[in-house]
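Reading the structure
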Amino acid sequence: MLVSDFLTYFAIDGGGIRGYSSLLILKEIMKVIEDLEKQDDVAVDSSFHPETYVAPHNKRKNPSPGGESCRYLPCHYFDYVGGTSTGGLIAIMLGRLRMGIDQCLEEYESFGGEIFGHPRWFSIRGPLPSFKEKYNGKRLQRAVENVVENRSSPEQKAVGAGYFGSARELCKTYNIPIWQVARATTAAPTYFDPVPIQNNTFGDGGLGSNNPVQEIFWEVATMHGNNASVINLVVSIGTGQADSVKLHPSGPKKVISYFTATKALATESEQKHAAMGALIETTESSDAVHYQRFNLSSEQGLKNMKLDEWKIEGKRRLTKHGFKRREESTLDKIKRLTQNYCASDEVQEDIRKVARKLVDHRRARCSDQRKWELWATGIRYRCTVKRCDKAQKLRPSKADLKYHIEKIHPNSFRGKTDIEKRCVLEELIRKGTCPY
């Protein structure tokens, strides 16, 4: 098989606010990818190459500069991305919304204060007992809707940017609003209420699939004729190992069942990691599959951090012993611990190996220019000529639409000069552009 025929994916664990660590690890990978791209070919100024770089749409007030890494998008290097709970939310931003890593970090930082900074007083986990979940799901819904609104262009909104719109046979969330999918994957028991979608009610997959690396492996294989040999690279990113949590359940059976399951959740991710390694060894192409797991160990500091911890930087206070040290914010703590983890020689070597494979993979994919236009931009095309019986067919490139128009609809150019013909063709292509 050619390098471009193989597939890559990455999986992100659930872990609440600790998902910030996963994004920081991915950012380190993207930094090395950028360096390798530029070293291999100075003409490569973005991961869109050889297509023209498309600047991200951002309607946020006072947006952050974003940085050069937003020119190199994870969706250009990974064929699939999936996650559980907070990992699912990240997957939506990086995959469905095709955001850069710095954009995703910006939104995630905003989510932290918007969601975890506003717990209910009356809740299962609150200071005043109630049967309500700790957080209001509508806050999360509004936050996700704002991301879609801020990150989608008018052209994308016109063709359903707020929905999962992949082919019905490929996407189980076909024609479902992005905010509903985000709410479903983040509906952690006792934190957010379950979400009704169509005829079913959904909660997050943390109770059994907090590390979804195996589920994604089989899902990708199923989508490609039950052929696992097409998978060449698997990257799994955790949210920090945790020790088993001692909980003292009380109250209704609902709460007891949630707490009992949560107790088992602490070690489940690493068990799935070990099982994935064993699974790779048993596949026919085990020698060809590179599997890499990135995750802070329990000794590296995140094990005692609650899923919804939210501390802002405190002020220095004068005491009889002098100034008391300013309390570290939650995000600053995660950043410090993750940077320490990524700085180790062993992790740096693993990052370089993964980045090298991903750069080679993108280079192989972009060699097929007809397909690369779709992969790079997410744009497809359809015919808008009146009474075309294939008007609903989506085409992967401008070249395909141009060929269709010239062959099937030659009357569109009758009596036109070459210049007029070119103008008509350009206008039909413009009208037929369907952003992802």
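Relevant structure appears above.
Below or above, wherever it landed, is the structure these notes cover. Just so it is clear, the structure is predicted and the values come from calculations on it, not from any experiment.

What counts, and at which threshold
Residues numbered from 1 in each chain as written. Predicted model: local features only at pLDDT ≥ 70, side-chain atom pairs only at ≥ 80, totals over all residues. Heavy atoms only, no water. Helix = DSSP H or I, 4+ residues; strand = E, 2+ residues; numbered from the N terminus. Buried < 20%, exposed > 50% of the residue type's maximum accessible area, 1.4 Å probe, protein only. Contact = heavy atoms within 4.5 Å. Areas by Shrake-Rupley, 256 points an atom, 1.4 Å probe, with all protein chains shown as cover. Core = buried A, V, L, I, M, F, W, Y, C linked by side-chain atoms within 4.5 Å. Salt bridge = Lys/Arg side-chain N within 4 Å of Asp/Glu carboxyl O. Phe/Tyr/Trp six-rings, centres within 6.5 Å; stacked < 30°, edge-to-face > 60°. Lys NZ or Arg CZ within 6 Å of the ring centre and 35° of its normal. Polar contact = N/O pair within 3.5 Å; in protein donor to acceptor, adjacent residues only side chain to side chain. Axes fitted to C-alpha atoms, helices over the stretch in contact; angles between N-to-C directions. Parallel < 35°, antiparallel > 145°, perpendicular 65-115°, else oblique. Left-handed = near helix turned anticlockwise from the far one by under 90°. Nonpolar A, V, L, I, M, F, W, Y, C, P; charged D, E, K, R; others polar. Disulfide = S-S within 2.5 Å. Pairing = 2+ DSSP bridges.

1. Topic: the overall build of the protein chain
Counting its secondary structure elements, the protein chain contains 14 helices and 14 strands. Expressed as a percentage of its 436 residues, the buried residues of the protein chain come to 47%. Residue pairs in contact within the protein chain that sit at least 24 positions apart in sequence constitute 71% of those at least 6 positions apart. Of the roughly 22,800 Å² that the protein chain leaves accessible, carbon and sulfur atoms contribute 50%.

2. So, the nonpolar core
Among the nonpolar cores identified, the biggest contains 67 residues, and Leu26 and Phe294 are the most heavily contacted of them. Ignoring anything within four residues of it in the chain, the contact list for leucine 26 reads Phe10, Pro74, Phe78, Leu94, Ile101 and Ile237.

3. Overview of the pattern of salt bridges
If you walk through the whole model with that rule in mind, you get 19 salt bridges. Lysine 38 is the partner of glutamate 34 in a salt bridge, and the nearest nitrogen-oxygen pair spans 2.9 Å. Here the residue glutamate 34 and the residue lysine 38 both occupy positions in helix α1 (residues 19-40), the gap between them amounting to four residues, near one helical turn. A residue is classified by how much of its surface remains accessible, and lysine 38, at 36% relative accessible area, is partly exposed. A salt bridge links aspartate 40 to arginine 356, with the nearest nitrogen and oxygen atoms 2.5 Å apart.

4. Notes on helix α2 (residues 86-96)
Here α2 lies mainly inside the structure; ten of its eleven residues are buried. Taken as a whole, α2 has its buried residues at Thr86, Gly87, Gly88, Leu89, Ile90, Ala91, Ile92, Met93, Leu94 and Arg96. Trailing α2 by a residue or two, arginine 98 shows a phi angle of about 55 degrees, which is positive.

5. Side note on the packing of aromatic side chains
Enumeration over the complete set of coordinates arrives at six aromatic pairs. Seen in terms of ring centroids, phenylalanine 48 and tyrosine 53 are 5.7 Å apart; in terms of plane orientation they differ by 80 degrees. Their pairing is edge-to-face. The exposure class assigned to tyrosine 53 is partly exposed, which follows from its relative accessible area of 22%. Among the aromatic residues, those joined into a cluster by ring pairs are Phe116, Tyr135 and Phe192. The ring of tyrosine 53 is capped by arginine 71, whose NZ or CZ atom sits 3.9 Å from the centre of that ring. Positioned above the aromatic ring of tryptophan 375 is the side chain of arginine 365, whose terminal nitrogen or guanidinium carbon lies 4.4 Å from the ring centre.

6. Here's the deal with the side chain of glutamine 292
Looking at the secondary structure, you find glutamine 292 in strand β10 (residues 290-294). At 3.4 Å, the side chain of glutamine 292 forms a polar contact with the side chain of aspartate 350. Discounting residues that sit within four places of it in the chain, glutamine 292 has contacts with Val234, Val235, Ser236, Asp350 and Val354.

7. So, the environment of leucine 425
When you line up the elements, leucine 425 lands in helix α14 (residues 418-431). For the pair formed by leucine 425 and lysine 402, sequence separation is 23 residues and the distance between their alpha carbons is 7.3 Å.

8. Thoughts on the packing of α2 against helix α3 (residues 101-116)
It is at 10 Å that the axes of α2 and α3 come closest, and there the two elements cross at 135 degrees. With respect to α3, the axis of α2 lies oblique. Here α2 runs over α3; the crossing is right-handed. Residue-level contacts link Thr86, Leu89, Ile90, Met93 and Leu94 of α2 to Ile101, Cys104, Glu107, Tyr108 and Phe111 of α3. Grouping the constituent residues of the contact of α2 with α3 by class yields eight nonpolar, one polar and one charged.

9. Some details on the state of the cysteines
This structure, assessed with the given rule, holds zero disulfides. The thiol of cysteine 383 is unpaired, and the distance to the nearest cysteine sulfur, on cysteine 388, comes to 3.7 Å. For cysteine 383, a relative accessible area of 1% gives the class buried.

10. Points about the sheet that holds β10
Read across the sheet, four strands follow the order β2-β1-β9-β10 without closing on themselves; strand pairing throughout is parallel. Either end of the sheet is taken by a strand with one partner, and the two such strands are β2 (80-83) and β10. The average undirected angle you get between the axes of adjacent strands in this sheet is 15 degrees. Taken together, the six bridges between strand β1 (residues 7-12) and strand β9 (residues 231-237) define a ladder with parallel strand orientation. The partner of phenylalanine 10 across the bridge, within β9, is valine 235. Running over the sheet, helix α8 (residues 213-223) touches β1, β2, β9 and β10 and is turned about 150 degrees from β1. On top of the sheet, helix α11 (residues 345-366) reaches β1, β9 and β10; it is set at about 135 degrees to β10, its chief contact.

11. Notes on the environment of glutamate 270
Considering the arrangement of structural elements, one finds glutamate 270 in helix α9 (residues 253-282). Distance from glutamate 270 to asparagine 211, taken between C-alpha atoms, is 7.9 Å for residues 59 residues apart in sequence. One polar contact links glutamate 270 to asparagine 295, side chain to side chain, over a distance of 2.9 Å.

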